[in-house]
Amino acid sequence: MKGKSSRRCCCCSWFIGIIVLIAIVVAIVFTIRHKSNHSDDNNNDPGSVKKYADALKIAMQFFDIQKSGKLENNKITWRGDSGLKDGSEASLDLSKGLYDAGDHMKFGFPMAFTATVLSWSILEYGNQMDSVNLLEPAKDSLKWTTDFLINAHPSPNVLYIQVGDPETDHKCWDRPETMTRNRTLTKIDTKTPGTEVAAETAAAMAAASLVFKDSDSKYSSTLLKHAKQLFDFADKNRGSYSVNIPEVQSYYNSTGYGDELLWAASWLYHATEDKTYLDFVSENGEKFGKFGSPSWFSWDNKLPGTHILLSRLTFFKKGLSGSKGLQGYKDTAEAVMCGLIPSSPTATSSRTDGGLIWVSEWNALQHPVSSAFLATLYSDYMVTSGIEEISCSDTSFKPSDLRTFARSQADYMLGKNPEKMSYLVGYGEKYPEFVHHRGASIPADANTGCKDGFMWLNSEDPNPNVAYGALVGGPFLNDTFIDARNNSMQNEPSTYNSAVVVGLLSSLVTTSSSLKSFI
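Residues numbered from 1 in each chain as written. Predicted model: local features only at pLDDT ≥ 70, side-chain atom pairs only at ≥ 80, totals over all residues. Heavy atoms only, no water.

The test is simple: UniProt positions are given in the numbering used here, feature names are shortened, and annotations may be inferred rather than shown by experiment.
Within an unreviewed UniProt entry, the label attached to the protein chain reads Endoglucanase, and the organism entered is Cardamine amara subsp. amara. What UniProt records for the protein chain under Catalytic activity (unreviewed entry) is the sentence "Endohydrolysis of (1->4)-beta-D-glucosidic linkages in cellulose, lichenin and cereal beta-D-glucans." According to the UniProt record, the Sequence similarities (unreviewed entry) comment for the protein chain reads "Belongs to the glycosyl hydrolase 9 (cellulase E) family."

Listed below in structure tokens is the structure:
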């Protein structure tokens, strides 16, 4: 009996030992998988982080390429001073600012949007920029732009919104340094209002005032003063600039000004914490906010950005997390996010087979890049606030799902696409060589004028100057791309694209970020 009992004890011990061993193995496997998933969610791969950092350094250079005026610390060997007399017909100094795209126009509407988004990028991801020594260059490019906007606003109800005549400008193919044509000015005022341009410029000034609040308080105060005046001008003198100045319709036609009013008021509340602006977005949300109707963030449509920016308040601002006036913005922001995640029940079908969000033939990359930027922002708002998931119909998604989407769009842009083409000029082994850009296509020592410069447009040789950091328009719906200089639909870069590219890449320089509130 004693021997049998001993053998039973021994068998029982072995059985328990096996169970314990299995439990240990299961725990180890679970831990490894958990860590692997966590690592994958947060993109801890040093190679990926370096890739985005390298791309960011290149992307930032395009702002320098686009600068007008008397250049300071110029690092672009084929660029020089230009547009020095811009604004002279109104006794203003409008020499600074950024040329719009591959031409020599200064369009105030998209330029102001560039400043707003670049400010937002700096405010949210300035630490990441600083980690790769790009924060000061970003602020310098921003100030170059806002210096122009300040000078373009000589009195409370007057704003100069355009330098140059696009019809005249586009009849020339020359370097900005050698252009001699008359640079006409276009303005808005109480007799010819342009609410969307005034409001977008107000947003730019308000956002930039936050950027310079600590480093240059006097300049910040100046920006904020202009922002308040411009918002009042925009709100009290409502009217579309596209209606009142029909000539702009062929270039930057506005589809309405309600989104810009909400956008500007949102930035002014962040900059001032004046409840007047919060009341404005709360009271005008139903009228202008298009709640429940997700759309695409762009130079013309600020609603998705407004939805995300006001959602920020519900994440970070005590007392506003349950605000009824902000609920419509937050609900629509989540609907925007749900539309971006490929596996979401409400995912948009507007994608190429290669996985790129695709909305428009012209400047196709604007929408996927801006959407990816908003996705990283919302993801990081969730992480910072400890919010673990959003619900898309009956399916839940994590912040990491939004970042995965954002990385997919960034990776496509940088060469992970059927063409194996990096659409960020200067990044990777293959990128466009025939970019539709006057300055890049003409040798710096060429002695050409307005008309004879077209020989360089028609040249079969690659551009003699590389427009580093330019994001070209991008692929067709079938993922194809034609690298031709006269293919402006696909191969012309724009300055406002650079702002969202810098924001997106800055957000990806590190893993999922914990953000600080800037109000």
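1. Overview of the overall build of the protein chain
Note the threshold: Helix numbering and strand numbering both begin at the N terminus, where a helix is a DSSP run of H or I of at least 4 residues and a strand a DSSP run of E of at least 2. For the radius of gyration, the atoms used are the C-alpha atoms, and the globule rule reads 2.2 Å times the number of residues raised to 0.38. Think of it in three bands: with a 1.4 Å probe and only protein chains considered, a residue is buried below 20% of the maximum accessible area for its type, exposed above 50%, and partly exposed in between. Computed with a 1.4 Å probe, the accessible areas rest on the Shrake-Rupley method; for each residue, only the protein chains presented here act as cover.
Counting secondary structure elements, the protein chain contains 20 helices and 5 strands. Against the compact-globule benchmark of 24 Å for 519 residues, the protein chain has a radius of gyration of 26 Å, which places it among compact chains. Based on the C-alpha atoms only, the size of the protein chain along its principal axes is roughly 115 × 55 × 40 Å. Sorting the 519 residues of the protein chain into buried and exposed places 58% on the buried side. When the accessible area of the protein chain is evaluated, it comes to approximately 21,700 Å², of which 51% is carbon and sulfur surface.

2. A closer look at a negative patch on the surface
In plain terms, the rule: The patch calculation keeps residues exceeding 30% relative accessible area without a salt bridge and links them within 9 Å when they carry like charges or within 5 Å when they are nonpolar (Val, Leu, Ile, Met, Phe, Trp, Tyr). Between Lys or Arg on one side and Asp or Glu on the other, a salt bridge is scored when a side-chain nitrogen of the former is within 4 Å of a carboxyl oxygen of the latter. Positive charge is attributed to Lys and Arg, negative charge to Asp and Glu, and no charge count is given to His or to the chain ends. We put the charge of a Lys on NZ, of an Arg on CZ, of an Asp on CG and of a Glu on CD.
On the surface, a cluster of negative charge is contributed by Glu72, Asp130, Glu136 and Asp140. With respect to the secondary-structure elements, Glu136 resides in helix α5 (residues 135–151).

3. Digging into the state of the cysteines
Under the convention used in this document: Disulfide: a pair of cysteine sulfur atoms within 2.5 Å of each other.
What the rule picks out here adds up to 2 disulfides. Each sulfur in the disulfide pair Cys172 and Cys450 lies 2.0 Å from the other. With the S-S bond torsion at -85°, the cross-link from Cys172 to Cys450 turns out left-handed. Here Cys172, found in the loop between α6 (166–169) and β3 (185–188), pairs with Cys450, found in the loop between α17 (438–441) and α18 (454–457); they are 278 residues apart in sequence, far enough to count as distant. Residue classification places Cys172 among the buried positions, given a relative accessible area of 4%.

4. So, the sheet that holds strand β2 (residues 159–163)
Across a sheet, paired strands are connected by hydrogen bonds in the backbone, their directions being either parallel or antiparallel. The criterion, for reference: Between any two strands, pairing holds if DSSP finds at least two bridges.
The 3 strands lie next to each other as β1-β2-β3, forming an open sheet whose pairing is antiparallel. Each edge of the open sheet carries a strand with a single partner, namely β1 (106–107) and β3. Where β2 meets β3, 4 bridges bridge the pair, whose relative direction is antiparallel. Counterpart to Leu159 in the pairing with β3 is Ile188.

5. Digging into helix α12 (residues 275–288)
Using the following cut-off: Here a helix's expected span is defined as the number of its residues, less one, multiplied by 1.5 Å. Any two residues having at least one pair of non-hydrogen atoms within 4.5 Å are treated as being in contact. Distance and chemistry together define a polar contact, namely a pair of N or O atoms within 3.5 Å, with one atom able to donate a hydrogen and the other to accept it when in protein, and with adjacent residues in sequence counting only for side-chain atoms on both sides.
With 14 residues, α12 should cover 20 Å at 1.5 Å per step; its first-to-last C-alpha distance of 19 Å lies within 8% of that length. Taken as a whole, α12 has its buried residues at Tyr277, Leu278, Phe280, Val281, Asn284, Gly285 and Phe288. Contacts from the buried residues of α12 go to α8 (217–236), α11 (258–272), α13 (303–316) and α14 (324–340). Sitting at the head of α12, Asp274 places a side-chain oxygen 2.9 Å from the backbone nitrogen of Thr276. At the C-terminal side of α12, Lys290 shows a positive phi close to 50°.

6. Brief notes about the pairing of β2
Within β2, 5 of the 5 residues are buried, which leaves the element mostly enclosed by the surrounding structure. Pairing of β1 with β2 involves 2 bridges; the strand directions are antiparallel. If you follow Phe107 over to β2, its bridge partner there is Gln162.

7. Thoughts on the pattern of salt bridges
It is possible for side chains of opposite charge to pair when their charged atoms get near one another. Under the defined criterion, the tally for this structure stands at 19 salt bridges. In this structure, Asp54 and Lys50 form a salt bridge, with 2.7 Å as the shortest nitrogen-oxygen distance. Of this pair, Asp54 and Lys50 both sit in helix α2 (residues 46–59), 4 residues apart, roughly one helical turn. A residue is classified by how much of its surface remains accessible, and Lys50, at 51% relative accessible area, is exposed. Shared partners join several salt bridges into a network, and the residues in it are Arg79, Arg175 and Glu177.

8. Quick notes on the nonpolar core
Selection criterion: Nonpolar cores are built from buried Ala, Val, Leu, Ile, Met, Phe, Trp, Tyr and Cys residues. Side-chain atoms within 4.5 Å join them into one set.
Trp120, Trp267, Met337 and Tyr378 are the most contacted members of the largest nonpolar core, which totals 149 residues. With residues up to four places along the chain from it excluded, the contact list for Trp120 reads Trp263, Trp267, Phe297, Gly305, Ile308, Leu309, Phe373, Leu374, Leu377 and Tyr381.

9. Examining unusual backbone geometry
Phi angles above zero are rare outside glycine, and Asn73 is one such case at about 50°. Relative to the elements of secondary structure, Asn73 occurs in the loop between α3 (61–65) and β1. Residue class for Asn73 comes out exposed when judged on its relative accessible area of 73%. Here Lys420, not a glycine, exhibits a phi torsion of approximately 50°, which is positive. Here Lys420 is to be found in the loop between α16 (399–413) and α17. Residue classification places Lys420 among the exposed positions, given a relative accessible area of 63%.

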